[in-house]
Amino acid sequence: MNPSVYSRYRTAFVEALAQALGVPASELESQVKPADPAHGDFSFPTFPLAKAQKKAPPAIAASLAQGIKVPGLDVVAAGPYVNAKFALMPFTSEVLDAVRSQGARYGGGDVGAGKTVVIDYSSPNIAKPIAFHHIRSTMIGHSLANLHRALGYKVEGINYLGDWGKQFGLVAVGFQEYGDPARRNDMAHLVEVYVKANKRAEAEPAFDERARDFFRRMEANDPEALALWKEFRDTSLRDFQRIYARLGVKFEHMEGESFYQGKMEPVIEEIARRPGIKQSEGATIVDLPYEENEPPVLLKKNDGSTLYATRDLAAAIDRHERFHFDKALYVVAADQALHFRQLFRVLKAMGREWSDRMVHIHFGRVHGMSTRKGNVVLLTDVLDEAKARVLEKVQENIQAGKMQTGDAEGLAEQIGMGAIFFGDLKNRRTTDYTFDWEDVLSIEGHTGPYLQYAHARTCNVLRKGGGVPASYDPSLLSLPEEQAVLRAIARLPVVVQEAAEQCEPSFIARWLLDLAAEFSRYYTLGNQDRSKRVLVEDNEPVKAARLALTDATRAALASGLTLLGIATPENM
Ligand code: ARG
């Protein structure tokens, strides 16, 4: 794939500067910055040259600007800066052509071609309530998978289900006490049982011991314990799959912790050889230099059962052997930072240099999450409530004649899910945020529904205008507002790359808001001035060019929304 229009011009500008100054282009790469929009698109400050050239920066800028010619860029000096600005043409036609030829793939690239990235995400715990941090992981991970795929990476998305461990013991033993045998396939019931059993285990050591014992039987391959485990696991999985289907999330692999049952002994033996193991109060720990107060890495408890860390070590080695990844991302809440630091450290101490390619993609907490039903937040309740709240508004709009749709339910589902996705992904992933229904659902704010509406509006304009004509003259798009829309569109490929590099879907979210705002500014010009309407009357050539711009906006918005996992209804 060719480099994007934006980066091609940037490179040409950097190279022209380098040639004029007689230095390698790589030296100037980081010095060319986005310009203040009033002055252009790229800006090069000449201050650093003043000393060597013994000239004032404005004089340097003036003579540099004189000497530089880059086809398609207007280069001028402004004080100490050399600024470059896209000429109306061919920039305008190049951007429109790029979007038109790439369609839904616009924004992607090929920096990841031939590379593999493993993304461990979602990873809820079976038979436990799926918590909001799992949905954050699901949404961030899903969008990182989309971003990497768009850049040509081979993506191995793994749902590392928490399907092994003492919590099963709790559910199993809890079921004997509180379970309704007729509801053993009902996830909500399992969660109730788990919550009760967990409480009781905290207060009553003997009960806790029964749960541990059940897990020991699972690890010893006791058929009866395993049969019950499998039944509960299937019930949870059915429930999760329903949620994933609603969210449009798919995994390349569903491999939970239980996948590593029976595969841990060789890993423990390897660790025993290097860096070594130690016994501590009957438990087996990795022999590492620990910091003061740092809990040691436990491989086996004193009853011989394995732990979360043991299984993650086995999983990492297995994934490296199978996928030879260039990057492995663990999309997991920030409170597991120590676990991942230790995991990477043990692998390194084992001589596994590739552990440097693993990253904990941590994220902050969500506060204030509650539903009309109350405070124990089940993910399905959140999704149902999002849909129900949207449906109320959709129905109001239909009644008021403001909206037409044959499928109010389906539309409400798309808008509701989009609201939850965007409400989360617009935040920088490392920050905590407070969830508020109005904040995520309002059609006016910085929300998913607002962006979906902006997209649907472009579809609507295109429908009314009869679609994009086969030919049009792009040079007619000379209004500053039109050029601002084009510039926003042109930036998407750059933003996609930065978002993937920094694992920060919020960059895409912010870009979507920018593009929607630019388009809205442009679109509303027509309210004051009929000659500035997209569907301008009595000027077919201008209308044709404006429809082409509207179509490029539509495609770019759709591309960005899809990268975030948000549906793009054409009518709303
Ligand atoms: N199931 C874990 C939890 O809910 C998250 C697993 C994350 N992935 C991993 N490889 N440890 O806390």
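The chain is annotated in an unreviewed UniProt entry as Arginine--tRNA ligase from Archangium gephyra. Reading the Subunit (unreviewed entry) entry of the UniProt record for the chain gives the comment "Monomer." Of the comments in the UniProt record for the chain, the one headed Sequence similarities (unreviewed entry) reads "Belongs to the class-I aminoacyl-tRNA synthetase family."

S.K.: Sorry if this is basic, but what is going on with the overall build of the chain here?
M.R.: Helix and strand counts for the chain come out as 20 helices and 14 strands. Looking at the chain as a whole, 42% of its 572 residues are labelled buried. Long-range contacts, defined here as pairs at least 24 residues apart, represent 71% of the contacts in the chain between residues at least 6 apart.

S.K.: I would appreciate a short explanation of the sheet that holds strand 4 (residues 81–86) in the present structure.
M.R.: Spatial ordering of the open sheet is given by 1-2-4-3, a layout of four strands whose pairing is antiparallel. The sheet terminates laterally at strand 1 (33–34) and strand 3 (73–78), the two strands that pair on one side only. In this sheet, strand 4 lies alongside strand 2 (residues 42–45) in antiparallel orientation, the contact comprising four bridges. When the bridges of strand 4 are listed, Ser43 appears paired with Asn83.

S.K.: Is there a simple way to explain the sheet that holds strand 7 (residues 253–254) in this structure?
M.R.: In a beta sheet, neighbouring strands are held together by backbone hydrogen bonds and run either parallel or antiparallel to one another. Spatial strand order, 7-6-5-11-12: five strands in an open sheet with parallel pairing. Each end of this open sheet is capped by a strand with a single partner; those strands are strand 7 and strand 12 (358–363). The pairing of strand 6 (residues 154–159) with strand 7 spans two bridges and is classified as parallel. Across the sheet, the residue bridging to Ile158 is His253, located in strand 7.

S.K.: I would appreciate a short explanation of the UniProt feature "domain: DALR anticodon binding" (unreviewed entry) in the chain in the present structure.
M.R.: Here the UniProt-annotated "domain: DALR anticodon binding" (unreviewed entry) positions come out as residues 451–572. Its end C-alpha atoms 11 Å apart, residues 451–572 is made of 69% helix and 0% strand.

S.K.: Explanation requested: the nonpolar core in the structure shown.
M.R.: A general trend in soluble globular proteins is that nonpolar side chains are found buried together. Of all hydrophobic cores here, the largest spans 156 residues; its most connected members are Val95, Ile119, Val171, Leu329 and Ile489. Here this core takes 12 residues from helix 20 (residues 540–563), the largest share from any one element. Leaving out residues up to four positions away in the same chain, Ile489 has contacts with Val95, Val99, Leu515, Ala552, Thr553 and Ala556.

S.K.: Teacher, can you tell me more about the pairing of strand 9 (residues 283–286) here?
M.R.: If a strand is regular, its side chains alternate between the two faces of the sheet. As paired strands, strand 8 (residues 277–280) and strand 9 are joined by four bridges and run antiparallel to one another. Along strand 9, the bridge assignment pairs Ser280 with Ala283. Counting the residues that bridge the hairpin from strand 8 to strand 9 gives two residues, and of these Glu281 lies at a positive phi of roughly 50°. As defined by bridge partners, strand 9 adjoins strand 10 (residues 298–300) across two bridges and the pair is classed as antiparallel. By the bridge assignment, Ile285 is partnered in strand 10 with Leu298.

S.K.: For this particular structure, what's the right way to read the domain arrangement of the chain?
M.R.: By convention, interface size is frequently given as the accessible area that disappears when the constituent parts associate. By the assigned domains, the chain splits into domain 1 (5–86), domain 2 (116–367) and domain 3 (379–563). Spacing between the C-alpha centres of domain 1 and domain 2 amounts to 52 Å.

S.K.: Help me understand unusual backbone geometry, please; the structure alone is not making it clear to me.
M.R.: Negative phi values dominate among residues other than glycine, just as trans dominates among peptide bonds. Cis geometry is found at the peptide bond from Met89 to Pro90, where omega equals 5°. Considering the arrangement of structural elements, one finds Pro90 in helix 5 (residues 88–102). Geometrically, the link from Arg274 to Pro275 is a cis peptide bond, its omega value of 5° lying close to zero. Structurally, the position occupied by Pro275 is in the loop between helix 11 (265–273) and strand 8. Unlike most non-glycine residues, Ser123 shows phi in positive territory, near 45°. Checked against the element boundaries, Ser123 lands in the loop between strand 5 (116–120) and helix 6 (132–150). With phi around 50°, Cys503 is a residue other than glycine that occupies positive phi space. Position of Cys503 among the secondary structure elements: in the loop between helix 18 (480–501) and helix 19 (506–528).

S.K.: I'm lost on helix 12 (residues 308–323) in this one. Help?
M.R.: The periodicity of an α-helix, 3.6 residues per turn, causes residues three or four places apart in sequence to face the same way. Taking 1.5 Å of rise per residue, the 16 residues of helix 12 would be expected to cover 22 Å, and the 22 Å separating its terminal C-alpha atoms lies within 8% of that figure. As for helix 12, its buried residues are in contact with strand 5, helix 11, strand 10, strand 11 (327–333), helix 13 (337–349) and strand 12. One or two residues past the end of helix 12 sits His324, with phi positive at roughly 45°.

S.K.: Would you mind showing me how to read the packing of helix 7 (residues 166–178) against helix 9 (residues 205–219) here?
M.R.: For any two helices packed against each other, the geometry is given by the interaxial angle and the distance between the axes. With their axes 7 Å apart at the nearest point, helix 7 and helix 9 run at an angle of 115° to one another. Judged by the twist between their axes, the crossing of helix 7 over helix 9 is right-handed. Mapping the contact onto sequence places Lys166, Phe168, Gly169, Leu170, Ala172 and Val173 in helix 7 and Arg210, Ala211, Arg212, Phe214, Phe215 and Met218 in helix 9. A class-by-class count of the residues in the contact of helix 7 with helix 9 yields eight nonpolar, one polar and three charged.

S.K.: When you look at the pairing of strand 4 in this model, what are you seeing that I'm missing?
M.R.: Across the six residues of strand 4, five count as buried, placing the element largely inside the fold. Pairing between strand 3 and strand 4: six bridges, direction antiparallel. Bridged to Asp74 within strand 4 is Lys85. If you look at the hairpin formed by strand 3 and strand 4, you'll find two residues sitting between the two strands, and Gly79 has a positive phi there, around 60°.

S.K.: Hey, could you run me through the environment of Ser43 in this one?
M.R.: By the element assignment, Ser43 lies in strand 2. We classify Ser43 as partly exposed; it has 19 C-beta atoms within 10 Å. When the C-alpha atoms of Ser43 and Ala77 are compared, they prove to be 9.4 Å apart, with 34 residues separating the residues in sequence. Residue contacts for Ser43: discarding those within four places in its chain leaves Lys33, Ala35, Tyr81 and Asn83.

Thresholds, definitions, all that
- Residues numbered from 1 in each chain as written.
- Predicted model: local features only at pLDDT ≥ 70, side-chain atom pairs only at ≥ 80, totals over all residues.
- UniProt positions renumbered as here; feature names shortened; annotations may be inferred.
- Helix = DSSP H or I, 4+ residues; strand = E, 2+ residues; numbered from the N terminus.
- Buried ≥ 20, exposed ≤ 12 C-beta atoms within 10 Å, placed from the backbone.
- Contact = placed C-beta atoms within 7 Å.
- Pairing = 2+ DSSP bridges.
- Core = buried A, V, L, I, M, F, W, Y, C linked by C-beta atoms within 7 Å.
- Domains from an automatic or database assignment.
- Expected span 1.5 Å × (residues − 1).
- Axes fitted to C-alpha atoms, helices over the stretch in contact; angles between N-to-C directions.
- Left-handed = near helix turned anticlockwise from the far one by under 90°.
- Nonpolar A, V, L, I, M, F, W, Y, C, P; charged D, E, K, R; others polar.

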